[in-house]
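Tertiary structure, described
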Amino acid sequence: MWSFAITSNGTMFVGESAQLTRIDPVGTATALPSQRIRSLAADGAGNLYGIDSAQKEILKIAADGTVTSLAGANVPYFENTPTHVDGAGADARFFCAQNIAAARDGNLYVTESCNRTVRRVTPSGVVTTIYKKEGISTESELSTPITVAVDSQGIVHVADAVRIWKIVNGAAQPFAGGGSPARDGTGTDAGFSPIKGMVFDHADNLYVTTTQYSTSLSGAQDRVYGTGTGAVRKVTPAGTVTTLAGNFAGESVISADGTGTAARFTEPMQIAFHRNGNLYLVDKADRTVRKITLEGVATTYAGR
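Residues numbered from 1 in each chain as written. Predicted model: local features only at pLDDT ≥ 70, side-chain atom pairs only at ≥ 80, totals over all residues. Heavy atoms only, no water.

**Quick look at the packing of aromatic side chains**
As a reminder of what qualifies: Whether two aromatic rings pair depends on their centres lying within 6.5 Å, for rings of Phe, Tyr and Trp, where Trp uses its six-membered ring; planes under 30 degrees apart make the pair stacked, over 60 edge-to-face, and the rest tilted. Per the convention used, a helix needs a DSSP run of H or I reaching at least four residues, while a strand needs a run of E reaching at least two, with both numbered from the N terminus. Relative accessibility under 20% of the residue-type maximum defines a buried residue, over 50% an exposed one, and the middle range a partly exposed one, all with a 1.4 Å probe and only protein chains included. Only when the NZ of Lys or the CZ of Arg is both within 6 Å of the ring centre and within 35 degrees of the ring normal is a charge said to sit over the ring.
The final tally for this structure, using the stated rule, is two aromatic pairs. Their ring planes at 70° and their centres at 5.6 Å tell us that Tyr77 and Phe95 sit as a pair that is edge-to-face. Placement of the pair is Tyr77 in the loop between strand S8 (67–72) and strand S9 (87–88) and Phe95 in the loop between S9 and strand S10 (97–102), with a sequence separation of 18 residues. You can call Phe95 partly exposed: its relative accessible area is 29%. Pairing Tyr280 with Tyr301 gives two aromatic rings, centres 5.3 Å apart and planes at 80°, and the pair type is edge-to-face. Of this pair, Tyr280 sits in strand S28 (residues 279–283) while Tyr301 sits in strand S30 (residues 297–303), and the two are 21 residues apart along the sequence. Over the face of the ring belonging to Tyr77 we find Lys56, whose NZ or CZ atom lies 4.4 Å from the ring centre. One residue, Arg119, lies across the ring of Phe94, its end atom 4.7 Å from the ring centre.

Here you go:
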């Protein structure tokens, strides 16, 4: 599992398996003390947060890699043990926490697939539930929150595998995506491949990484081929979905720089917006950090 975030001063953090790497604004990479981080998020004050690999705890991560617990606790769960508990600090409980995002007001938002919830975590570690799916789910409901992002108005957007929803007053409202196959369009007329990451720019356009992925190794080039749908999709505030870079044709590809649909990604994961106005993402299978301009020009920034 690769995780990725960019702090307000332009420092990047990449989490891979048991390794956390810091890339400073001039491109120097430093390996930090071993940490297993599932997802990363940075707030506007330069603080870095993550979800522990057991998916039960929200962590605060210092620039040198030192980790402290903000909320939740990595404790064993037994039969009849409550796994969904709001509260402060270690009194809160998470289960199957998937993804984390930071809002401009400093609050964090966390998706939980097993509890079918979206949780708010304040900077002091107080946890509350802002959405919970109860009972039997239907196709038209948000039942498995996976990926999360927050716009400039503080509206939380959550994706299941192939659809994006707004959380408003505790309810999930359809925003974009009507299931497979992947296709451009507006609202539920658009379609996504499995969604892996989301981030907003300063104009509240939402950028979404998608991939449906299998690999094979090219011995001649020592590169990983992806047979999938690696792409970066753009969703306007009105819900219009277009393809910014990459493709979703399901062809066999090697990650490659290029513009628009000529660019190729093998397994794009978490994506972040940089203060310089560009997007950056981790391409997990290719072991690279990719830069994508808002015009759709994709280049390799680090790795390989």
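What follows picks up the thread again.
**Points about the pairing of strand S24 (residues 240–246)**
Condition: Two strands qualify as a pair provided DSSP detects at least 2 bridges between them.
Burial runs high along S24: five of the seven residues are buried. Between strand S23 (residues 231–235) and S24, which follow one another and run antiparallel, lie four residues, and Gly239 among them has a positive phi close to 90°.

**Comments concerning the pairing of strand S7 (residues 57–61)**
Most of S7 sits out of view: four of its five residues are buried. Sheet topology note: the strand S6 (residues 48–52)/S7 ladder contains four bridges and is antiparallel. In the sheet register, Tyr49 faces S7, and the bridge partner there is Lys60. The antiparallel pairing of S6 with S7 creates a hairpin that spans four residues between the two strands, and Gln55 there sits at a positive phi of about 65°. Alignment of S7 against S8, held across five bridges, turns out to be antiparallel. From the neighbouring strand, Glu57 faces S8, where its bridge partner is Gly72.

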